[in-house]
Amino acid sequence: DTCGARAMMSAGASGLMSKQVLHAEVRSYLMGAWQRFVVALAPGCETKQLQRAASLLGRLLAAVPEAEARKGLERVLLEWARLPGDVPPAVVGNTDKQRKVSGIASKLEDHTIALLFREKHSAKKRHRHAKQVLQILGRAAANEQLEPRFVAEAVVIVAEAAPDLKDESVVAFRDYLLKIPIARLAVKDMWGALAGASPTLRLLFLDKLAAYVDVHAWKDCGIDAIDVFEACADYEVAKAAASTVSPNGLDATALIIRLLQQLSLMCAGGNTSMPCLDPDKAVLLVRNYSSNLRQAGLPLLQELFIALQCNPSSYDDATILSVARAVGCSAEHRIWYHLAAALLHRWNTQRPIILLETMFQAPQRLSDAPKALQQVLLKQCKGNPTTLAALSPKSLATLIDAWAKLDSPLPLPLQHLLGSAVDKHLHSLNVQRLASASRMIISEGDRPSALTDVTLLWERWMESTLNWCHFTGYGRCHETLHEIKLWCHQEQRGRARGKHCSVAEVILQAVIAERLCDQFNDAPLVVLFELGRLVSPQSTVAKRLSELLTERVWLHLRGHGGGLPLEDALAVGNGETLVTCTPETKLWAPLTLSLASQLRTPQDVDLFCQSRPNTALRNAIMESADGWCMLELQIRLP
């Protein structure tokens, strides 16, 4: 009855009940408990206990709004308070320790009752009462002189009435738990006293039980799994709202991890009921402890799944992927489907500038996600591949540059989305970004169709580039061949490390070389010579290019197109091209004559000497040269 009176006093003081509701509760309480009071607190009982009851019920009396009821209760309480003060024989045998405990409990209750009616006291007075409570608890804990339930109630009251002493309350309760035997704590009354306490106090108690007994001690104390999750989530809520970290020395993160791991073991057998956690609280847990939820994660987050399906835009990528890690690999396909749908819906509904920021972090986040989610997301991306196509050409270029710096392959869903975006903005990309995007789309051949997709992109891009070259020159072709050369060198280093990718060679021979051969009559010889140096000499396109170059050089040596320039003639004569030009071929004589006729200035002679002509070419030129040119060649060429 005393506990019931205290509960109503607390409710009335905190304003949780209106006057009408409190009036009804008090009347009902008095009608049900009146007879028990009269019998239990008869004159034969200990006078001190009667005075304590009178004091407590007097506090309750102050909250009774009805004057008639208040007068009747006052009359009975006054009669009890006037009872004789002699100690009855029933308690003469009590030990000094028992009387000492009674005195400590009496002082503790005086201060806690004062704190319950804290609105009637100044802040300074509340602080003094709270300090007294903590001091009493510290002394009592050393000698185990107070019931654990009373200690828990007192700590909760102090934390509520004096927020500035909240950390000291935590320290006092933690010290008490360290000294009290576990057998005295494992009772149902303890959790009832802590049910409305701060999450830190609840966590300390839960950890004490599980550490010194096991998780089954929770059940014995009337604690369900959801109670543990609620305590962990409430702590995260309080931590997110706090501007500073509490200096109480508590490593709450490690404590929560221990509790969640124990809960996972508790739920592994399927014998523990697992109500769903509120979505907002579930979000905080999965963000910080997704890998610790394990078997407990899937049933716990059902409400969050529903919220994700109804309003996926309300949750960020980190939360969705944390949920995926929390549910574990054993989740049903529908769970992965809903998570992937929520993620893709979020991307598709974001403004381009926000989507760009999201995509900067997407590769790392997806790489850490379960493979099952990546597979389902890939299927959905194939059905709706236009996510990145919403980006502008400039934003896409920025994204390609950022992704190109990654050390690991791009996740498959992002590969597919990137391919669709490149297809849309293909003609806006330069060759460097197209090559970077191609490498990411291929990603070492993880997708069988990726090489075909990339080849088709390059065919379209080369067709557009060659059309532009008719108007702007073949500078783009030079850049393209230079980038492909770098790509080939990169792949060669990769093959040296055990990789077998040859995408650059495929694109070079199947796309670039074939398209330039189709434009053979228009492309400059220097571009075609450079192409000839890159293609494999044994390839089919090399043979085709060799035949076309031989015919083209023959025409130039006969005077078409202004003749064969000195640099090109030197390249052919030195065997640096696919054109076969030796003293036995028909090209040799006209080539040497053309070269000799172009050595007209010292700069021309310098160029010839610096090219390090082979023996046959050097002898042929020296025989054809005359005058100062012949003397210069004789001096400079041994």
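Residues numbered from 1 in each chain as written. Predicted model: local features only at pLDDT ≥ 70, side-chain atom pairs only at ≥ 80, totals over all residues. Heavy atoms only, no water.

### Let's talk about the overall build of the protein chain
Broken down by element type, the protein chain carries 34 helices and zero strands. Within the span of the protein chain, comprising 638 residues, buried residues form 47% of the whole. Accessible surface computed for the protein chain: about 31,300 Å², of which carbon and sulfur atoms make up 53%. (Helix = DSSP H or I, 4+ residues; strand = E, 2+ residues; numbered from the N terminus. Buried < 20%, exposed > 50% of the residue type's maximum accessible area, 1.4 Å probe, protein only. Areas by Shrake-Rupley, 256 points an atom, 1.4 Å probe, with all protein chains shown as cover.)

### Structural notes on the side chain of His-556
Counting through the fold element by element, His-556 comes out in helix H29 (residues 540-557). Of note is the side chain of His-556, whose polar atom sits 3.0 Å from the backbone oxygen of His-560. Ignoring any residue separated from it by four or fewer positions in sequence, one finds His-556 in contact with Leu-525, Gly-561, Gly-563 and Leu-564. (Polar contact = N/O pair within 3.5 Å; in protein donor to acceptor, adjacent residues only side chain to side chain. Contact = heavy atoms within 4.5 Å.)

### Examining the packing of helix H18 (residues 317-327) against helix H19 (residues 333-349)
Packed helix pairs are specified by the crossing angle of their axes together with the interaxial distance, meaning the distance between the axes. Packing of H18 against H19 leaves a shortest axis separation of 10 Å and a crossing angle of 170 degrees. It follows that H18 is roughly antiparallel to H19 by the angle criterion. Taken together, the residues of H19 that come into contact with H18 (itself represented by Asp-317, Ile-320, Leu-321, Val-323, Ala-324 and Val-327) are Ile-335, Trp-336, Leu-339, Ala-342, Leu-343, Arg-346 and Trp-347. By residue class, the composition of the contact of H18 with H19 is 11 nonpolar, no polar and two charged. (Axes fitted to C-alpha atoms, helices over the stretch in contact; angles between N-to-C directions. Parallel < 35°, antiparallel > 145°, perpendicular 65-115°, else oblique. Nonpolar A, V, L, I, M, F, W, Y, C, P; charged D, E, K, R; others polar.)

### Overview of the pattern of salt bridges
The full count for this structure, using the stated rule, is 12 salt bridges. For Asp-423, the salt bridge goes to Arg-460, with nearest N and O atoms at 2.4 Å. Of the two residues, Asp-423 sits in helix H23 (residues 412-424) while Arg-460 sits in helix H25 (residues 450-472), which places them 37 residues apart along the sequence. Judged by its relative accessible area of 34%, Arg-460 is partly exposed. In this structure, Asp-518 engages Arg-544 in a salt bridge whose closest nitrogen and oxygen atoms are separated by 3.0 Å. Separated by 26 residues along the polypeptide, Asp-518 in helix H27 (residues 503-518) and Arg-544 in helix H29 bring together distant segments of the chain. (Salt bridge = Lys/Arg side-chain N within 4 Å of Asp/Glu carboxyl O.)

### Observations concerning the environment of Met-622
Within the secondary structure, Met-622 sits in helix H33 (residues 615-624). Spatially, the C-alpha atoms of Met-622 and Gln-634 are 7.7 Å apart, while their sequence positions differ by 12 residues. Not counting the four nearest positions on each side in its chain, Met-622 is found in contact with Met-630, Leu-633 and Gln-634.

### Some details on empty space enclosed by the protein
This model, assessed by the stated rule, comprises one cavity of 30 Å³ or more. As a volume, the largest cavity reaches approximately 40 Å³. As for the largest cavity, its lining consists of Phe-305, Leu-308, Gln-309, Ile-335, His-338 and Leu-339. Of all the elements in the fold, those that place two or more residues in the lining of the largest cavity are helix H17 (302-310) and H19. Its residues assigned to classes, the lining of the largest cavity shows four nonpolar, two polar and no charged. (1 Å grid on protein atoms, 1.4 Å probe; cavity = no way out; pocket = protein on both sides within 12 Å on 5 of 7 lines; lining within 4 Å. Points joined across faces, edges and corners; volume = space filled by probe spheres on them.)

### Concerning the confidence of the model for the protein chain
With 73% of its residues at a pLDDT of 70 or more, the protein chain has an overall mean of 77. Averaged over each element, pLDDT in the protein chain is lowest for helix H3 (residues 47-62) (55) and highest for helix H22 (residues 393-404) (95). Across residues 84-100, confidence stays below pLDDT 50; counting only partners more than four residues off in sequence or on other chains, it has nine contacts. (pLDDT = per-residue confidence, 0-100.)

### A word on the environment of Ala-620
Mapped onto the elements, Ala-620 comes out in helix H33. Look at Ala-620 and you get buried, because its relative accessible area is 13%. The spacing of Ala-620 and Leu-595 is 25 residues in sequence and 9.8 Å in space, taken between C-alpha atoms. In contact with Ala-620, not counting residues within four places along its chain, are Trp-588 and Thr-592.

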